Every structure is written in C-alpha cells, then in structure tokens.
Amino acid sequence: MRVLERGSAVRRAVALGVAVLAASAVTACGPPRHANTVNLYYAPEENLQAVVDKCNERARGRYDIVYHKLPRDADGQREQLVRRLAAQDDGMDVLGLDTTWTAEFARAGWIREWTGEDRAQAEAGTLAGPLESARYGGKLYGAPKNTNVQLLWYRSDVVRKPPRTWDEMIEQAKRLDAEGKPATILIPGAQFEGYVVQYNTLLASAGGKLISDDGTRAVVDEGAVRALEQLKALADSGLTSPSLSNQQEDDIRLEFQRGDAAFQLNWPFVYPSMQEDAPEIARDVRWARYPSSDPQRPSKVTIGGFNLAVSAYSPRPEAAHHAALCLRSPDSQRFSAIHDGVPPTIESVYAAPEMAAEYPMRETILEELRDPAIRPITPAYQNVSTVLAKLLSPASQIDPPRTAERMRTEVQNALDSQGVMP
C-alpha cells in the first residue's frame, strides 16, 4: 500500500488515472447485465452461491443476484473495489466490505446510506458491535452479514483453569514450562492486520484509546502504553513460538495442532480444523474468553466480519438493498454459519438448535460480541493499520514509552493523509 501524503497532487492524479484505466478495462470485459441483475461482489465463500440461489428463488423475478468472487486476500479485494469505484463503475451493486473499510468507502461517497424501512430491517435484532462497525458519522452504510471474535483456546489436559488476564496466562505458561509440559503461547505476530487486531484487543481491554472518537486525532493514552507493555512481556517471556514475527492465524493453528503449545489466541475457525486434522489434540482443547489486560474488568475483544453495502453507482439501488437484506437474513446467516463457519450478526440465530453442534463455543462468542472492541472508525484506517503493523512488529523490539511516542506521531500523520490508493 502506498500512502498519499497531503499536497501530493501529481501522485494522486496519476494514481487516480491508473485506477480509472484499470476499472474501465475491467468494466469493458464484464458480463452483460439484464434489467433485474444485481451484481454481488464478495470474498470467496464456499457455500455463498447456495444462499444466492435461495434468494433469487424467493425474489420471483424482482431481482437476479449474480455472485462475482473477489480475490481471496483482503488487500486484493479492497484493491479491486477501490479501483472500480474510483472510476464510478456502474457494474457493481452489492459490495462485501471488511468492517474496517466501511468508513473509508462512505467518506469517499462510494456507498449509499441505508435509510427508512431498509435501515430498520438491517438493524432489527443485530448485535450492537457489528452494527457499530457499519456506521459512519451517525449514519448506517452497511448491513452486517457476519462477524467474528477471537477466543482463548487452551489444552485442558495441562491447564486446570483458563487464565482471566494476560499476565496470568504468562504465569501459567511459566509454571507449565518448569514442569516440562506444553507451555507455548501462540499469537499471530507477523506484520499484518491480524497482529493489529491483537493489539487493539489489549488496548480496549485496558480501557485505552488510540484515536479520538471523531477519528481525527491520535491519542495513545496510558491504556495504549499498557497494551504495548503486555506484548513486550510476552515477547520477552521465552514462551512464544520462534516464528512469532512471521506467523499469521493459520500458522499458529497448525503449530497448536502439533501439540507443543498450551494456549492460542485465534478465531473460531480453528475448532472444526482441529476436529478433522488433530482429533487426539482436539479432545482436550477447550475455549474461554480472551484474557483481559485489566484484572478488574473483562476483556473487550476486537470484532471482524463483513458488511453488505450498496454502491453509489448502482443503477438499481432499491433491488440491491432488497437483495442484500435477503443475503444477510436470519435464515441466510444460519446457513452460512453452519456451512461456512462465519458467526452471525443477528443474535437470535445463535439459539437455533442446529447451531449447537457446529458452535459449541457460541455462548462465549456471544458474551464477547455483546461488549466488543471496534477498530478505530476512520476513513484513514488503512493508513493507521499499516503504521501500527510496522511499529508493533517484531514484538521483541517494542520499547513501550518510545514506541508510544512514535505511535502518536505516525498515527497522526496517517490520519492527516489524503488516503491510500492500492
């Protein structure tokens, strides 16, 4: 990603020109559309086509959703959407946006506000955290389709009681190591968004603040420093993987399954993977709420997920809103949760009987979702995330006071930039 600094008019013009040309080329090669076609651009999801087919059947000709798969990686998804929207491409109708993109796209004028009955339906029964991620400037710009939170996964054959705090987790791991038992603590520590998520959870759990509520000013308060101290303490403990600074979520899943670790902090996708790939480990694995930074309060865990937005350039916004509502309806969310492992944003779906087998940890997920952490809501989040990932990795080189001071300066610079172009 390349940050475009304030005043770089020439670079912005060149970048936008490239975006327009690229998007025009994509549009020219796009499929022909009929009067009722609603083009959905969404990340690859194995069984989403079945949801699309069901919605088209229910629509009875009012609209016909065509599912176009975006690239598998988040950067590739965002790049394609940004390039085409910058060119005011009218070939996209419903967009699958990572929760961190909603404010950016809304500020750019690329997506429509949800209003009236459409907004009421999108908000009905939706958990507060996912709904907050779909708002910008007090307005709703997305309908939350699915969400996610990380849990503490631990070996119940060596851990008698799951730790409630970060410091307690490190102390337990030290005792296990002294006893010659599996003791490693696994977190994704590579220079990427998943590591920023870990830091944001520690920061929020400490009651800290990184950016002001209006998204314009770097704060980096004492809670932010406390979160840095905790990452540094883990890195210096000798209890992490030697590959910490290169690991992402799937890497730590695989290492945990090899049996040498006591804890991992990861998304719920690890549960079905362990059942299939390492049943001898899985039988002793349990889950608990993510450990807190503060012994006096429970953790506040950062949510992930996707929001469904309607392009500002869609020629049929009414049909697009109706299609999006069907794609994230309770029935659709239940199907996707069971078949694709994406946690619902509508609270009532968790009570469905068929959820019990696939989501035995659903009560812990719900507990975290009812009082979650949200990543900073700012159009400049892509800039901020890039800065944080660089400052935080490798964790062994964090110097809390100095890193915090650099963070104040560099996050403010990121907030003041004119945006990020792929």
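It should be noted that the structure appears before, not after, this text.
Just so it is clear, the model here is predicted, and its values are computed rather than measured.

Asks: Looking at this structure, how should I read the sheet that holds strand β9 (residues 184-186)?
Replies: Within a beta sheet, neighbouring strands are joined by backbone hydrogen bonds and run either parallel or antiparallel to one another. Read across the sheet, four strands follow the order β9-β10-β8-β11 without closing on themselves; strand pairing throughout is mixed. Both edges of this open sheet fall to β9 and β11 (285-288), since each of them pairs with a single strand only. Across the sheet, the axes of successive neighbouring strands diverge by a mean angle of 20 degrees, strand direction being ignored. Relative to strand β10 (residues 261-266), β9 runs parallel, the two sharing three bridges.

Asks: When you look at the side chain of Gln 247 in this model, what are you seeing that I'm missing?
Replies: Looking at the secondary structure, you find Gln 247 in the loop between α9 (222-236) and α10 (249-257). Side-chain polar atoms of Gln 247 contact the side chain of Ser 241, separated by 3.5 Å. Polar side-chain contacts of Gln 247 include one of 2.6 Å to the side chain of Glu 255. For Gln 247, the contacting residues outside a window of four places in its chain are Leu 186, Ile 187, Pro 188, Gly 189, Ala 190, Phe 192, Ser 241, Ile 252 and Glu 255.

Asks: What am I meant to see in the state of the cysteines here?
Replies: Any covalent bond linking the sulfur atoms of two cysteines counts as a disulfide. All told, the structure shown has one disulfide when counted by the stated rule. A sulfur-sulfur distance of 2.1 Å marks the disulfide that ties Cys 55 to Cys 326. Since a negative S-S torsion denotes a left-handed disulfide, the Cys 55-Cys 326 link at about -100 degrees is left-handed. On the criterion of sequence distance, the pair formed by Cys 55 in helix α2 (residues 48-59) and Cys 326 in helix α13 (residues 317-327) is long-range, its members being 271 residues apart. Exposure class is identical for Cys 55 and Cys 326. Each is buried.

Analysis parameters
- All residue numbers refer to positions counted from 1 along the written sequence of the respective chain.
- Under the rules for a predicted model, residues below a pLDDT of 70 receive no local features and side-chain atom pairs below 80 are neither given nor counted, while totals for whole chains, interfaces and linings still include all residues.
- Calculated side-chain values reflect all of the structure's heavy atoms, with hydrogen atoms and water omitted.
- The rule for pairing is simple: two strands pair if DSSP sees at least two bridges between them.
- Each helix is a run of H or I in the DSSP string that is no shorter than four residues. Each strand is a run of E no shorter than two, and both are numbered from the N terminus.
- In this analysis an axis means a line fitted to C-alpha atoms, helices contributing only their contacting stretch, and an angle means the value between N-to-C directions, from 0 to 180 degrees.
- Distance and chemistry together define a polar contact, namely a pair of N or O atoms within 3.5 Å, with one atom able to donate a hydrogen and the other to accept it when in protein, and with adjacent residues in sequence counting only for side-chain atoms on both sides.
- Contact between two residues is taken to exist if any of their heavy atoms lie within 4.5 Å; hydrogens are not considered.
- Whenever a pair of cysteine sulfur atoms sits within 2.5 Å, that pair is classed as a disulfide.
- Relative accessible area decides the class of each residue, using a 1.4 Å probe on protein chains only: under 20% of the type maximum gives buried, over 50% gives exposed, and in between gives partly exposed.

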